[in-house]
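Report on the structure
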Amino acid sequence: MADANTFTPDEMMTIAAARALRNDDVCFVGIGAPSAACNVARLTHAPDITLIYESGTIGTAPEVLPLSIGDGELCDTAVTTVSVPEMFRYWLQGGRVTIGFLGAAQLDRFGNINTTVIGDYHKPSVRLPGGGGAPEIATSSGEIFITMKQNKRGMVDKIDFFTSLGHGTGGDDRARYGVTTKGPTLLVTDLAVWRPDPVTKEFTVVSLHPGATREQVQETCGWTVRFADNLEQTPPPSALELKTLRDLKERTRIAHGEAA
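Below is a short write-up of the structure. The structure presented is a predicted model; accordingly, all values stated were derived computationally and were not measured. (Residues numbered from 1 in each chain as written. Predicted model: local features only at pLDDT ≥ 70, side-chain atom pairs only at ≥ 80, totals over all residues. Heavy atoms only, no water.)

Time to look at the packing of helix α1 (residues 9-19) against helix α8 (residues 239-255). How two helices sit against one another is set out by the angle between their axes and by the gap between those axes. α8 packs onto α1 with a crossing angle of 110 degrees between their chain directions and a minimal axis gap of 11 Å. By the criterion of interaxial angle, the relationship of α1 to α8 is roughly perpendicular. Contacts between α1 and α8 involve Glu 11, Thr 14, Ile 15 and Arg 19 on the former and, on the latter, Glu 241, Leu 242, Leu 245 and Arg 246. Looking at side-chain class alone, the contact of α1 with α8 contains 3 nonpolar, 1 polar and 4 charged residues. (Axes fitted to C-alpha atoms, helices over the stretch in contact; angles between N-to-C directions. Helix = DSSP H or I, 4+ residues; strand = E, 2+ residues; numbered from the N terminus. Parallel < 35°, antiparallel > 145°, perpendicular 65-115°, else oblique. Contact = heavy atoms within 4.5 Å. Nonpolar A, V, L, I, M, F, W, Y, C, P; charged D, E, K, R; others polar.)

Counting residues in hydrophobic clusters, the biggest one holds 32 residues, and the most contacted among them are Phe 28, Leu 187, Trp 194, Val 205 and Val 217. Listing elements by their share of this core, those giving two or more residues are β1 (26-29), α4 (84-92), α5 (134-140), β10 (143-147), β12 (192-196) and β13 (203-208). Once residues lying within four places of it in the same chain are set aside, the contact partners of Phe 28 are Ile 52, Tyr 53, Glu 54, Met 87, Phe 88, Leu 92, Val 97, Ile 99, Gly 100, Phe 101 and Ile 137. (Core = buried A, V, L, I, M, F, W, Y, C linked by side-chain atoms within 4.5 Å. Buried < 20%, exposed > 50% of the residue type's maximum accessible area, 1.4 Å probe, protein only.)

Regarding α4, the residues found buried are Met 87, Phe 88 and Leu 92. The arc that holds every buried residue of α4, seen down its axis, measures 85 degrees, which confines them to one face. Facing away from the buried surface of α4 by more than 90 degrees, the exposed residues are Pro 85 and Arg 89. Taken together, the buried residues of α4 touch β1, β2 (50-52), β3 (57-58) and α5. (Arc of directions from axis to C-beta.)

Turning our attention to unusual backbone geometry. Most peptide bonds are trans, and most residues other than glycine sit at a negative phi. Of note in this structure, Lys 201 is not a glycine but carries a positive phi near 70 degrees. Within the secondary structure layout, Lys 201 lies in the loop between β12 and β13. By relative accessible area, Lys 201 is classed as partly exposed at 24%.

The next thing to look at is the side chain of Thr 185. With respect to the element layout, Thr 185 can be found in strand β11 (residues 184-188). Excluding residues that lie within four positions of it along the chain, Thr 185 makes contacts with Glu 143, Ile 144, Phe 145, Trp 194, Arg 195 and Pro 196.

This part takes up the environment of Phe 110. In this fold, Phe 110 is placed in the loop between β6 (106-107) and β7 (113-114). Note: C-alpha distance between Phe 110 and Lys 201 (91 residues apart in sequence) is 6.1 Å. Aside from chain neighbours lying at most four places away, what touches Phe 110 is Gly 166, His 167, Gly 168, Thr 169, Gly 170, Thr 200, Lys 201 and Glu 202.

Helix length check: α8, at 17 residues, gives a terminal C-alpha distance of 24 Å against a target of 24 Å (1.5 Å per residue), a fit within 8%. Listed in full, the buried residues belonging to α8 are Glu 241, Leu 242, Thr 244, Leu 245, Leu 248, Thr 252 and Arg 253. Seen from one end, α8 has its buried residues packed into an arc of 165 degrees, which puts them on one side. In this structure, the buried residues of α8 make contact with α1 and α2 (33-43). The positive-phi residue at the C-terminal boundary of α8 is Gly 257, with phi of around 70 degrees. (Expected span 1.5 Å × (residues − 1).)

Within this structure, the stated rule accounts for 13 salt bridges. For the salt bridge of Asp 172 with Arg 176, the shortest nitrogen-to-oxygen distance reads 2.3 Å. By relative accessible area, Asp 172 is classed as partly exposed at 46%. On the basis of relative accessibility, which here comes to 56%, the residue Arg 176 falls in the exposed class. A single network of salt bridges, built from pairs that share partners, joins Arg 22, Asp 25 and Glu 143. (Salt bridge = Lys/Arg side-chain N within 4 Å of Asp/Glu carboxyl O.)

Within β13, 5 of the 6 residues are buried, which leaves it mostly tucked inside the rest of the structure. Relative to β13, β12 runs antiparallel, the two sharing 5 bridges. Within the sheet, the bridge partner assigned to Arg 195 lies in β13 and is Thr 204. Once the chain exits β13 it traverses helix α7 (residues 214-219) before rejoining the sheet at strand β14 (residues 226-233), and the crossover so formed is right-handed. (Pairing = 2+ DSSP bridges. Right-handed = clockwise from strand over helix to strand, strands pointing away.)

As a packed pair, α1 and α2 sit with axes 8 Å apart at the nearest point and diverge in direction by 60 degrees. As summarised for this structure, α1 and α2 are arranged oblique, according to the angle between their axes. Along this stretch, α1 crosses α2, giving a crossing that reads as right-handed. Together, Thr 14, Ala 17 and Ala 18 of α1 and Ala 36, Ala 37, Val 40 and Ala 41 of α2 make up the contact between the two elements. The residue inventory of the contact of α1 with α2, partitioned by class, reads 6 nonpolar, 1 polar and no charged. (Left-handed = near helix turned anticlockwise from the far one by under 90°.)

Listed below in structure tokens is the structure:
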């Protein structure tokens, strides 16, 4: 088994995010870190979780992490594949998705996401892939989980472009737009676990990962961080969780022809 005493911040982030998923969840999965977390959950404590990807694959169980939503691995291992309009209209907008699991290029304290541009929209310093289905996932899923590495470029006081709705300006702003789903209820970074304040909806650190400090969290965040009064420590990865994640990453590396 893997040595549970030695793990990286990225591994802790993925495993902490995976733990939040339940066996009966129907999860709309984003590519990258969300996909890793969702598949670790499926391979450990949540074998009956239903994973849905934007290309229309339902109940997929990939042996390796997909490069994109169009990766054949998703269709090959899915229970069924439906058209994209059916995926969004019947499954997502029909209220059948319990969790939308997203990443972000930029994120603000209220869980609003930018995946469109960095800088001015007309003359951006970086043009990103765009929203894809994320705006619809963010408003139609029962709740939203977000995972990303902490740095001041990504966790900002004000996002450069409003791609996907979180809690807007906080409080009941989301409801004022007529959106009835919960919105972001969890943020997992490589340093901490965050939850929105029940009233203000501002993300608050509720748990520090092993070895992480309050100072590190603040130094890598673009807003003034709030910490819970009863701040906890994230339980370290178990040997099984680490082995599952590392085996998944190794199979993916070999399948995609990447160097060790």
